[in-house]
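Structural overview for review
Letter by letter, the chains look like this.
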Amino acid sequence: MVENESILVTKPFLPPFEEYVEEISEIWENYWLSNNGPKHQTFEKSIKNYLGVNNVNLFVNGTLALYLAIKALDLKGEVITTPFTFAASSHAIILNGLKPVFCDIEESTFNIDCNKIEELITENTTAIIPVHVFGNPCNVTEIERVAKKYDLKVIYDAAHAFGIEVNNVPIGNFGDISMFSLHATKFFHSIEGGILTCKSSKLYRKLEMLKNFGFNNNGSIELVGTNAKMNEFQAAMGIVNLRHIQDNINIRKKLVLKYRELLKEVRGIRYLEDIEGVKHNYSYFPIIVEDEYKYSRDELHRHLAEKNFFTRKYFYPLCNEFQAYYNGNYSFDFSNLTVAKKISERILCLPLSTHMKIEHVEWICSNL
Ligand code: T4K
C-alpha cells in the first residue's frame, strides 16, 4: 500500500550486497586502502571512458574538487556564477578568497542567463562558474563565446550532470574544467566522491598534486596542496555502480515520464521537458508551483509531508541570501536576480529514486 509508505526526495541506489563485497575483497588481499590504489586506477579509467573526456581526476567529494579546480586556475578577484545552486558552488569560490558575482537565471532551464553575463564583467572578473542545474546543460556555446571575448576561465559545476551529452558531445568537454559530484544522493555515486575533467594534461597534473598535499612525481612538494583523495572503498562502490547505471537511468526515465504525463493537466504546475539534442540523466524532478496553483509552494511541501512524501526546496534560499556571507566582507545586489528569486520561491523537487514504483508517482500526483 503506497499510502502507508514514507518516501524521501531520494534514496541512494545500492548494488547487490555480494557484488560490492566481491569488489572490496581484494582490499583484504593487498592492504591498499587509499592513495591511488588499484580500485582508484580502475575507476578512473572507467570514468574517463564513460564520460568521453581526455583527463579525469577523482576526489573525495565534489566540493573539494570544485575548490581545487578554482585553485588550479589561479583565479583572482571576481567570479560570475549563479545564485540558484547548492551552497557548495558559491562556498568553493569564497573559500578561495574570491568574490562571487551572482547573475540571474533563465525561466526555462533555471541555469545562468547568458544574456546577462556580459553586463556583470568588470576589470576584476577572471572566470565564470555556471552550474548545469538538475542536469540540464547551460548554453555552453554562448558561455564559450563570452569567455573567449573577455579572456575568462570557465569551470562548470556539473555536480548533477553525470553522463549528459549535448549534440553527442559529452558535457565534460566544455569549459576549462568540469566538476561532477558522486555523493550518495546522486543517481550515480561512490558513497562520497567528486570528479574533475579537463582538456589540458598540464592542468590534470597540477590537480593530481593539489589533491595530494602538493607532491610531484619526484616526491618533492611543488605546490601547497591538501588531502582530497578518493579512497579504495569509494572507488569500489563507483566501479560496481557503473555496471548498473543504464538500468538506473531507464527506471528513472520511466518515473519522470509518468510524472510528466500525470502533471500535464494540473493547472499551475510546471516542469522541465527534455531538450532536443540533449542526452539526459533524469537525476531530479523539479516542479514550479505557479501562482495560479491552488496552494503555495510551502503549503504543497507541507501537504505532501503530511502524506509521508518528502519533497525538497532545492534551491531555496538563493546563495546570495546566505546569512554566512554577510559578515561585512560581501554585499550583493539583489535587484538583478528577479527570475532566480521567483524560481527559488516556487521550486519543489519531487521524490525520485530507483526504489520508487509507478504507483508512488501516481499517488503523489493524485495528491497534487
Ligand atoms: N554543486 C552542486 C550543484 C551540488 O548540488 C552539490 C551537492 C555540490 C556542488 C557538492 O558536491 P558534494 O560535495 O556533495 O559531492 C544533498 C547532498 O548532500 C549534496 O551532495 C547535493 N549537492 C545536494 C543537492 O543534496 P542535502 O543537505 O539535501 O542532503 P540530505 O542529507 O538532506 O539528503 C537528502 C535526502 O536523501 C534526504 O531525504 C535523506 C536521503 N538520504 C541521504 C543520504 C546522505 C538517504 O536516504 N541516504 C543517505 O545516505 O544535500
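Residues numbered from 1 in each chain as written. Predicted model: local features only at pLDDT ≥ 70, side-chain atom pairs only at ≥ 80, totals over all residues. Heavy atoms only, no water.

Below, the discussion takes up the packing of helix 4 (residues 62-72) against helix 7 (residues 201-210). Contact geometry for helix 4 and helix 7: axes closest at 10 Å, N-to-C directions at 125°. Compared by their axis directions, helix 4 and helix 7 come out oblique. Our pair here, helix 4 against helix 7, has a crossing hand that is right-handed. Across from L68, A69, K71 and A72 in helix 4, the residues of helix 7 making contact are L203, K206, L207 and L210. Of the residues assigned to the contact of helix 4 with helix 7, the class counts are six nonpolar, no polar and two charged. (Axes fitted to C-alpha atoms, helices over the stretch in contact; angles between N-to-C directions. Helix = DSSP H or I, 4+ residues; strand = E, 2+ residues; numbered from the N terminus. Parallel < 35°, antiparallel > 145°, perpendicular 65-115°, else oblique. Left-handed = near helix turned anticlockwise from the far one by under 90°. Contact = heavy atoms within 4.5 Å. Nonpolar A, V, L, I, M, F, W, Y, C, P; charged D, E, K, R; others polar.)

In spatial order, the strands read 10-12-13; together these three strands make up an open sheet with antiparallel pairing. On the outer flanks of this sheet lie strand 10 (269-271) and strand 13 (347-350), each paired with one strand and no other. Taken pair by pair, the neighbouring strands of this sheet meet at an average axis angle of 35°, ignoring direction. Sheet strands touched by helix 8 (residues 232-263): strand 10, strand 12 (285-289) and strand 13. Its angle to strand 12, the strand with the most contacts, is close to 20°. Docked against the sheet, helix 9 (residues 297-306) engages strand 10, strand 12 and strand 13, running at close to 25° with respect to strand 13. (Pairing = 2+ DSSP bridges.)

Near the ligand there are 24 residues, and of these T63, D157, S181, R312 and Y314 occur at the shortest range. Separating a nitrogen atom of the ligand from a side-chain N or O atom of K186 is a distance of 3.1 Å. In the environment of the ligand, an oxygen atom lies 2.5 Å from a nitrogen or oxygen atom belonging to the side chain of Y314. When residues of the shell around the ligand are traced back to their parent elements, those giving at least two are helix 4, helix 5 (87-95) and strand 8 (177-181). Taken together, the residues of the shell around the ligand break down into 10 nonpolar, 11 polar and three charged. (Near = heavy atom within 4 Å. Polar contact = N/O pair within 3.5 Å; in protein donor to acceptor, adjacent residues only side chain to side chain.)

Along the chain, M230 falls in the loop between helix 7 and helix 8. With residues up to four places along the chain from it excluded, the contact list for M230 reads S34, H40, F43, L58, F59, V60, L182, S190, E192, G193, G194 and A235.

With an omega dihedral of 5°, the bond running from Y314 to F315 counts as a cis peptide bond. Position of F315 among the secondary structure elements: in the loop between helix 9 and helix 10 (338-344). With omega at 0°, the peptide bond leading from Y316 into P317 counts as cis. Within the secondary structure, P317 is located in the loop between helix 9 and helix 10. Within the chain, D151 stands out as a residue other than glycine whose phi angle is a positive 55°. Here D151 is to be found in the loop between helix 6 (140-150) and strand 5 (153-157). Residue class for D151 comes out exposed when judged on its relative accessible area of 70%. At I191, a residue that is not glycine, the phi angle is positive and equals roughly 75°. As for its placement among the helices and strands, I191 is situated in the loop between strand 8 and strand 9 (194-198). (Buried < 20%, exposed > 50% of the residue type's maximum accessible area, 1.4 Å probe, protein only.)

Next up on the list: the packing of aromatic side chains. In total, this model carries 20 aromatic pairs according to the counting rule given. Ring centres 6.1 Å apart and planes at 70° place the aromatic pair Y293 and Y295 in the edge-to-face group. Under the relative-accessibility criterion, Y293 is labelled buried at 5%. Since its relative accessible area comes to 33%, Y295 is described here as partly exposed. An aromatic cluster is built from F84, F86, F110, F134, Y284, Y314 and F315, whose rings are joined through pairwise contacts. One Lys or Arg, K211, reaches over the ring of F59 and ends 5.3 Å from the middle of that ring. (Phe/Tyr/Trp six-rings, centres within 6.5 Å; stacked < 30°, edge-to-face > 60°. Lys NZ or Arg CZ within 6 Å of the ring centre and 35° of its normal.)

Bear in mind that shape data such as this cannot, by itself, settle questions of function.
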